[in-house]
Amino acid sequence: MDLDSGAGLLHRLTSYVTDREWDVPVDDPRVRTDLVPNDAATLPPPMKGYVGLPVLPLPRDLPDPGLPATAALAGQPAATQPLDAAQLGRVLFLGAGVVRVLEGDGRRTLFRASGSAGARFPLEVYASTHGVAGVPDGVHWYDGQDHALVQAGPAARGSTTTLVVTGVPWRTGWRYAERGWRHLYWDAGTLLSQLLTAAASAGLRPRLRSLFPDDQVRRLVGADGVHEYPLALLSFGDDDPAVQPAGPAASGELPPVELPLCTAAQRAGDRDELGTPWPEGPPLQDVPDSPSVDQVILRRGSQRLMDRNRTVPPPLLEWPLRAALRGVEVPHWVAVHGVEGVPPGIYRWPDLQRPVRAGNLREELLRVCLDQGLAGDAAYVVIAAAPLAGLDDRGYRDAQLAAGLVEGRLHLAAYALGVSASGMTFIDAEVPALLGEPDDVAALLFTCVGVPAYASRRGGAPGAPTAVRPVTPRLVPPE
Ligand SMILES: Cc1cc2nc3c(=O)[nH]c(=O)nc-3n(C[C@H](O)[C@H](O)[C@H](O)COP(=O)(O)O)c2cc1C
């Protein structure tokens with residue numbers, strides 16, 4: 001991968017290093033230094049705005065097919081439900097619906113069904129519908145707050161309903177500057193893990209594509225490629241995705257702030273062809289009991305405090321990892337802190353017999369994860385990382401997306417089995433030594449899984465988010 005242009009340059013210039021604080025930009029003219037992170041005066045709105053377009057409210061009673069979350073994550077078949085407005089709305093809500101709301105400091109934070117680094121929620125979801133009962137064919141933006149579709153464009157050519165996930169770089173860049181471009185893909189993978197699981201549990205045969213004609217899909221949803229760009233497609237079934245625009249789409253309103261390094265990283269990976277769907281991987285035959293997909297998604301949150309004195313049995317390590325990594329080729333490691341019968345250390349999945357490094361690594365994980373308590377308090381921490389040499393600009397996007405997908409599935413598997421999880425960021429420069437790997441191995445994303453120290457409040461129904469209070473994660477000051 002070329003570290004002097006495109007995604008490689010962004011990776012290099014946004015890598016955290018040991019001796020520079022995470023919120024201090026690197027000294028390079030290609031990163032913006034004129035934007036003050038976390039400035040209340042420039043806080044972007046939490047979602048896109050549209051004025052004067054047709055709005056279709058979606059049914060607020062969600063048709064829960066009742067499939068256990070573990071069965072859906074295992075890839076077990078599910079009875080096919082009709083794809084109508086209620087079922088489409090259910091799938092959208094279980095990925096991007098507003099389920100919790102936090103009021104404080106004069107600000108209202110809307111929490112979506114799936115997590116987002118720093119709660120920035122920089123994604124939008126569109127449905128390009130074809131033959132959905134109760135929904136006119138067209139390109140619709142999903143309003144996760146009002147649980148409604150806003151028709152932004154005419155019916156596309158192609159034959160199967162397809163969801164388009166887009167990213168708004170400034171919404172996460174407001175806090176994380178250009179590194180937020182990576183977060184778009186982490187968050188998209190996390191969101192897609194829930195859209196895929198929800199759709200699979202209704203027998204809708206979801207197909208994920210990350211290779212698509214970028215320019216065409218931008219026109220389809222009215223994204224300008226600077227302030228918003230498409231990240232992934234999810235189609236129902238094997239027919240041609242409905243992604244060929246038949247006319248212009250409204251572009252909606254977004255703040256006009258550009259991060260040129262992100263634009264260049266995104267553009268460098270642009271392609272013209274539609275790829276094949278991601279492999280699903282063979283189904284798991286062993287399926288532990290769990291509540292339904294819908295219940296698990298509303299129950300999940302990112303655990304802010306884990307109990308470091310409590311361990312988990314080995315199946316709570318092995319099953320979530322097997323389920324999360326179905327069909328995924330990006331390499332993963334696991335740092336074991338508290339799993340019964342598995343000595344502490346770093347393991348290269350799937351080999352849990354021989355650690356690549358043995359010993360108690362809680363303090364090291366804490367340091368690598370910017371002194372965030374969860375990394376030391378978890379029962380285990382899953383680490384996605386890949387050699388940069390093998391990636392091009394598009395492959396880099398895919399690797400980040402895959403890491404996010406694994407994070408989201410781990411999250412669901414953990415909550416399905418009664419434990420908890422949180423995504424986690426890291427000091428890039430420290431990860432190769434942590435894993436015992438060469439410097440070219442780039443960290444993608446960490447996920448902490450462990451015993452919760454408190455119970456999260458269940459998310460609310462469409463249009464009725466649960467009010468929550470903040471829980472402050474433990475930040476352990478360096479000695
Ligand atoms: C990709 C990703 C990375 C995250 N990184 C961190 C992190 O470094 N530290 C942390 O405390 N939480 C992290 N989180 C959790 C978010 O803060 C959390 O998802 C967000 O506040 C929304 O809350 P919820 O997941 O409970 O809905 C991460 C989440 C995701 C999806």
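What you are looking at is a predicted structure, and each value in this text was computed from that prediction instead of being measured.

*Asks:* What's the story with helix H4 (residues 169-176) in this structure? I'm lost.
*Replies:* Residue pairs spaced three or four apart in an α-helix point in one direction, given the helix's 3.6 residues per turn. Most of H4 is tucked away, with seven of its eight residues classed as buried. Of the positions making up H4, those classed as buried are Pro169, Trp170, Arg171, Thr172, Gly173, Trp174 and Tyr176. Looking at the buried side of H4, the elements it contacts are strand E3 (107-112), strand E4 (123-129), strand E7 (162-167), helix H5 (180-201) and strand E9 (229-236). Two residues or fewer after H4 comes alanine 177, characterised by a positive phi angle close to 50 degrees.

*Asks:* Please explain helix H1 (residues 6-13) as it appears in this structure.
*Replies:* Where burial is concerned, most of H1 is hidden: seven out of the eight residues are buried. Elements in contact with the buried residues of H1: H5, helix H7 (260-268), helix H12 (393-416) and strand E15 (441-450).

*Asks:* Would you take a moment to explain the sheet that holds strand E16 (residues 466-468) for this structure?
*Replies:* In a beta sheet, neighbouring strands are held together by backbone hydrogen bonds and run either parallel or antiparallel to one another. Reading across the sheet, the three strands line up as E3-E2-E16 and stay open at both edges, with mixed pairing between neighbours. Since the sheet does not close on itself, it has two edges, and those belong to E3 and E16, each with one partner. For this sheet, the mean inter-axis angle between neighbouring strands, taken without regard to orientation, is 30 degrees. With six bridges connecting them, strand E2 (residues 98-104) and E3 associate as antiparallel partners. Bridging across to E3, glycine 104 finds its partner in arginine 107.

*Asks:* Just checking my understanding: could you explain the site of the ligand for this structure?
*Replies:* Around the ligand sit 21 residues in total, of which Arg300, Ser302, Gln372, Gly423 and Thr425 are the nearest. At 3.1 Å, a backbone N or O of serine 116 approaches an oxygen atom of the ligand. One nitrogen or oxygen atom from the side chain of arginine 304 is found 3.1 Å from an oxygen atom belonging to the ligand. Notes on the ligand: free accessible area 620 Å², of which the protein chains cover 90%. Breaking the shell around the ligand down by element, the ones donating at least two residues are H5 and strand E14 (420-424).

So, how was this worked out
- Residues numbered from 1 in each chain as written.
- Predicted model: local features only at pLDDT ≥ 70, side-chain atom pairs only at ≥ 80, totals over all residues.
- Heavy atoms only, no water.
- Buried < 20%, exposed > 50% of the residue type's maximum accessible area, 1.4 Å probe, protein only.
- Helix = DSSP H or I, 4+ residues; strand = E, 2+ residues; numbered from the N terminus.
- Contact = heavy atoms within 4.5 Å.
- Pairing = 2+ DSSP bridges.
- Axes fitted to C-alpha atoms, helices over the stretch in contact; angles between N-to-C directions.
- Near = heavy atom within 4 Å.
- Polar contact = N/O pair within 3.5 Å; in protein donor to acceptor, adjacent residues only side chain to side chain.
- Areas by Shrake-Rupley, 256 points an atom, 1.4 Å probe, with all protein chains shown as cover.

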